[in-house]
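Now for the letters of each chain:
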Amino acid sequence: MEQVVRPARALRGVLRVPSDRSITVRALLLGSVAEGLSRIRLPLDSEDTQAALECARQLGVPIERDDAPSPSELEVRGRGLRGLCGSTQPLFCNASGTTMRLLAGLLAGQRFDSVLDGAPQLRRRPMRRVTEPLRQMGANVTDAEGFPPITIRAATRPLHGLRYEMPIASAQVKSALLLAGLYADAPVEVIEPAPTRDHTERLLQACGVTVRCNVKEERAAVSLLPPTQPLHPLDITVPADFSSAAFFLVAAVLLPASELRLLDVGVNPTRTGLLDVLSEMGCAVRLEAQRNEGGEPVADVVVQPAELRAVEVRGAQIARMIDEFPIFAVAATQARGVSVVRDAQELRVKESNRLEGLAGELRKMGARIEPTADGFIVEGPTPLRGAVVDTLGDHRVAMALAVAGLLADGETTLVGAPCVSKTYPLFFHHLAQLVVREHA
Ligand code: S3P
């Protein structure tokens, strides 16, 4: 299905984007093995979180959600660490990499067999990064030549402890190993080449599990002690997703008459690399009403338009904005000078190849962007023109191209727009509410 985006003059108004996908999935999975009733307030309701919810139900966890169209609360009746039931059917993770990789960790030490499978898009994503270290913990886990499905055979004894130096900075791999560590007979320590999002650690701590984190220069060491007590249930309110907010934030920076306030945004420093990069580009985004909710920093984000200058992004910055490169690329097309992204080869194995694919689509709109082996180079500022572009079935490419369409001269047609439902089913609806087209 196609979506047409027309040029806009500004984004104006106040918006709470939907809640955080990473936190909702983690809370569902941890709530499932906690003992007692977990309440997840303002959960994200999207294809990815529905996949996690259905997998948890398939494992015997009763989950109630209040009213459609979008639930304001989920009640998860946790079954305890040993209370999940094996499923004879594969657990279908749809297109959610987070669900599959975290479940692989959570199920690796269970006393039943499991198969984790997903939609074709997920079947193309690498899984050896989790199956290999899980095997080092003694789990009987196999993948299909590095890809889904993942098959887990019942564990006959506790998993071993592990000290693992991750070759790539990945929160999903770290989280899978920490969750497997709940079923180990000795600590699990994960050393990250650069600190990644720490939502799993925060939620584990809220459940009463001992998790320690030591950040030294660019590396982080996270360790988990196997729990001796049942996990406490969670009672959390999920903040708005910074990665969803990022599309509106950048659009408001680039459209000269904008005035935008984004409410309740999760501003965990492991996620907000884009704010630092925008500040280096000459744009000050204000965080107001800063507070802590359910163990996560939250703020209202106030955005005003700015003229941007080019920037270089590399090293530890990459992990802190790993999901923001599609929208960063759009910002870079409007920045004065040559922007360069390095050390970001992981972008090749996201929902699409975000180096080659994104560059190809933005070039159709007149952008001067070249992919490299581990990033991309963008020359700006470049006027964009409307075109027919392909979302590549990637929600973040779709939303970034929609923002490019607001800046372009003429109409932009997005082919494959419904993929935004992975994390943001109402994206185009919210965009239409904020867009100002005429001179006000
Ligand atoms: C996520 C971690 C990141 C990110 C993904 C969500 C998570 O992936 O790109 O969208 O919830 O842990 P990696 O761990 O593969 O970097």
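Residues numbered from 1 in each chain as written. Predicted model: local features only at pLDDT ≥ 70, side-chain atom pairs only at ≥ 80, totals over all residues. Heavy atoms only, no water.

### What about the packing of aromatic side chains?
- Counted under the stated rule, the structure contains eight aromatic pairs.
- Ring centres of Phe247 and Phe427 lie 6.2 Å apart, and the angle between their planes is 75°; this geometry places the pair in the edge-to-face category. One end of the pair, Phe247, is in helix 8 (residues 242-254); the other, Phe427, is in helix 14 (residues 427-434), with 180 residues separating them in the sequence. Side by side, Phe247 and Phe427 carry an identical accessibility label, which is buried.
- Ring centres of Tyr424 and Phe427 lie 5.5 Å apart, and the angle between their planes is 75°; on these two criteria the pair is classed as edge-to-face.
- We classify Tyr424 as buried; its relative accessible area is 0%.
- For Phe427, a relative accessible area of 0% corresponds to the buried category.
- An aromatic cluster is present here, built from Phe247, Phe248, Tyr424, Phe427 and Phe428 joined pairwise through their rings. (Phe/Tyr/Trp six-rings, centres within 6.5 Å; stacked < 30°, edge-to-face > 60°. Helix = DSSP H or I, 4+ residues; strand = E, 2+ residues; numbered from the N terminus. Buried < 20%, exposed > 50% of the residue type's maximum accessible area, 1.4 Å probe, protein only.)

### Quick look at the pattern of salt bridges
- Summed over all chains, the structure comprises 43 salt bridges.
- We note a salt bridge from Arg314 to Glu312, for which the minimum N-O separation is 2.9 Å. (Salt bridge = Lys/Arg side-chain N within 4 Å of Asp/Glu carboxyl O.)

### Quick word on unusual backbone geometry
- Pro149 follows Pro148 through a cis peptide bond whose omega is 0°.
- A cis amide bond links Gly380 with the next residue in sequence, Pro381, at an omega value of -5°.
- Phi is positive for Leu42, close to 50°, though the residue is something other than glycine.
- Of note, Leu42 is situated in the loop between strand 3 (35-41) and helix 2 (47-58).
- The phi angle at Leu392 is positive, at roughly 65°, despite the residue not being glycine.
- Classification of Leu392 as partly exposed rests on a relative accessible area of 30%.

### Some thoughts on the domain arrangement of the protein
- Looking at the assigned domains, one finds that the protein contains domain 1 (2-19 + 239-436) and domain 2 (21-227).
- Summarising the inter-unit geometry, the C-alpha centres of domain 1 and domain 2 are found 28 Å apart.
- In this complex, domain 1 contributes 28 residues to the contact, which on the side of domain 2 involves 26 residues.
- Roughly 2200 Å² of surface becomes buried between domain 1 and domain 2 when both sides are summed, with 46% attributable to carbon and sulfur atoms.
- At the junction of domain 1 with domain 2, the criterion picks out four salt bridges.
- With a closest N to O distance of 2.9 Å, Arg129 and Glu346 form a salt bridge.
- Where domain 1 meets domain 2, there are 17 residue pairs in polar contact (both at pLDDT 80 or more).
- Where the side of domain 1 that touches domain 2 is concerned, the elements lending two or more residues are strand 17 (296-303) and helix 13 (395-407).
- Counted by class, the side of domain 1 that touches domain 2 contains nine nonpolar, eight polar and eleven charged residues. (Domains from an automatic or database assignment. Contact = heavy atoms within 4.5 Å. Buried area = accessible area lost by both parts, 1.4 Å probe. Polar contact = N/O pair within 3.5 Å; in protein donor to acceptor, adjacent residues only side chain to side chain. Nonpolar A, V, L, I, M, F, W, Y, C, P; charged D, E, K, R; others polar.)

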